[in-house]
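The residues making up each chain are set out below.
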Amino acid sequence: MNEFREGWGPLLAATIGTMCGLITVTNYSQGFFVAPVINEFGWTPAQFFLSFTIMMCVGLLTGPMIGTLAGRIGVRQIGIIGLVGHAIAYGLISLNNGSLVLWYLSFALLAILGAGSLPIIWTSALNGWFKIHRGKAIGITMAGTGIGAFLLPPIVEFIIENYGWRAAYRSVGIGALLLSLPVVMLLFREKSATAAASGSAAPIAAWGMTRREAIGTGRFWILGAVLFVTALVIVGLLSNFERILTERGLARSDIAILAAILGLTVIFGRLLVGTLVDRFWAPAVAVCFVALPTLGLVILNSTDVTFAVGVGIAILFGLAAGAELDLLAYLTGKYFGPAHYPAVFGGIFAFFTVGAGVAPPIFGAAAQMFNGYSAVLNASIGLFILSMLLYLALGKYPQHD
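Residues numbered from 1 in each chain as written. Predicted model: local features only at pLDDT ≥ 70, side-chain atom pairs only at ≥ 80, totals over all residues. Heavy atoms only, no water.

Any chance you could explain the environment of W281 here in plain terms?
Tracing the backbone shows W281 in the loop between α15 (252-277) and α16 (282-302). Between the C-alpha atoms of W281 and L392, which are 111 residues apart in sequence, the distance is 9.9 Å. If near-sequence neighbours (up to four positions away) are discounted, W281 is found in contact with Y335, L392, G395, K396 and Y397. (Helix = DSSP H or I, 4+ residues; strand = E, 2+ residues; numbered from the N terminus. Contact = heavy atoms within 4.5 Å.)

Help me understand the nonpolar core, please; the structure alone is not making it clear to me.
Looking at soluble globular proteins, one finds that nonpolar side chains tend to be buried together. Counting 130 residues, the largest nonpolar core has W103 and Y391 as its most contacted members. Take this core: its biggest share by element is 12 residues, from helix α13 (residues 218-239). Excluding residues within four positions of it along the chain, Y391 makes contact with V226, L227, T230, P283, A286, V287, V290, L327 and L331. (Core = buried A, V, L, I, M, F, W, Y, C linked by side-chain atoms within 4.5 Å. Buried < 20%, exposed > 50% of the residue type's maximum accessible area, 1.4 Å probe, protein only.)

Hey, could you run me through the pattern of salt bridges in this one?
A side chain of one charge can pair with a side chain of the opposite charge if their charged atoms are brought near each other. Here the structure, examined in full by the defined rule, presents 1 salt bridge. Note that R166 is salt-bridged to E40, the shortest N-O span being 3.0 Å. With R166 in helix α10 (residues 165-187) and E40 in helix α3 (residues 34-41), the pair connects residues that are 126 residues apart, well separated along the chain. Residue R166 is classed as partly exposed on the basis of its relative accessible area of 25%. (Salt bridge = Lys/Arg side-chain N within 4 Å of Asp/Glu carboxyl O.)

Looking at this structure, I do not really get the side chain of T24. What am I missing?
Assignment of secondary structure puts T24 in helix α2 (residues 22-29). Discounting chain neighbours no more than four positions away, the residues touching T24 are T18, M19, G144, T145, G148, A149 and L152.

When you look at a nonpolar patch on the surface in this model, what are you seeing that I'm missing?
A surface patch of nonpolar side chains, amounting to about 490 Å² of accessible area, comprises V84, I88, L92, L95, L109 and I112. Counting residues per element, the ones that place at least two in the nonpolar patch are α5 (75-93) and α6 (100-113). The element best represented in the nonpolar patch is α5, accounting for 3 residues. Structurally, I112 can be placed in helix α6. (Patch = residues over 30% accessible without salt bridge, like charges linked within 9 Å, V, L, I, M, F, W, Y side chains within 5 Å. Areas by Shrake-Rupley, 256 points an atom, 1.4 Å probe, with all protein chains shown as cover.)

So this is what it looks like as structure tokens:
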């Protein structure tokens, strides 16, 4: 456990940064803003969720750019800028007066200002500190999304109910910054910088493809495709979680509890995936975790959803939501090496951002078109099966690793 004894500080900071970063806060809070915002402004759910699409599509550009910048000026500096920018952007969103154009521009700005708080940054520093336990370290870091998923729903719902959605946006942005910035400034370091300053052992030797070399391989596109499909379904389900369960007859207060349970399960899923991929072939682990929400969708579409059934579905969804970004980070390092990890991760992350970006409005519009979510959930089962086949198509790890 020497790796954890030496790297606990950067690992803790990376976990807090992930918990308070752009992906976590947006994915696990936006669903609770839909009703109050559209009720005040008279928008449709599809119009509301288009902002999420715009944010993620802008991330198609900012993800690779952030990966390149991190390799040049350091992940710590980029992470700090990203956390501050994330808080500023959430404050700007709260100022909207009913203009859809301004709403969309605010979320585009959120993607730009908050890009440095993406998992690209937080997992990049881990490659220098962890090799034997890299999967566990990534799992612990990405468990930050689960902690956020557990804490955010009841907090956001409470603030919205008592103080309004504008106060909730401001509170989330400022609270995330106050919690994360001191820890990141104090503890988040790359191994190379620490080694140079202290004269300790050099960072772990690394092999790896450049982003251009990785793009030239079939695995890059297979991994990109599987991440697009998986993100499309998982983010679509999470962003519409409140509306899906409301359609099934559950109260908002019960759904907030279920969302918190889902968040706890995400934490467990992150840690479990990290432990398993250190021991077993990661694509096979991925197939097992994708099978879980597939079962959840079958239950959701074929059974009356009581609160108890909702708990089971939340657990199955949470385990899958706890796997996708861990697997993205781990598989990127395994198949393309850690030497140019931020740049390659940034390129592959673009597939994730597109899938996650188009998911909420597609799910919302499809539900409106088909008068409910049943058809969408059936299509999601087929997409999950496709993602399992794509994971298996990745093949063996390169001999370098």
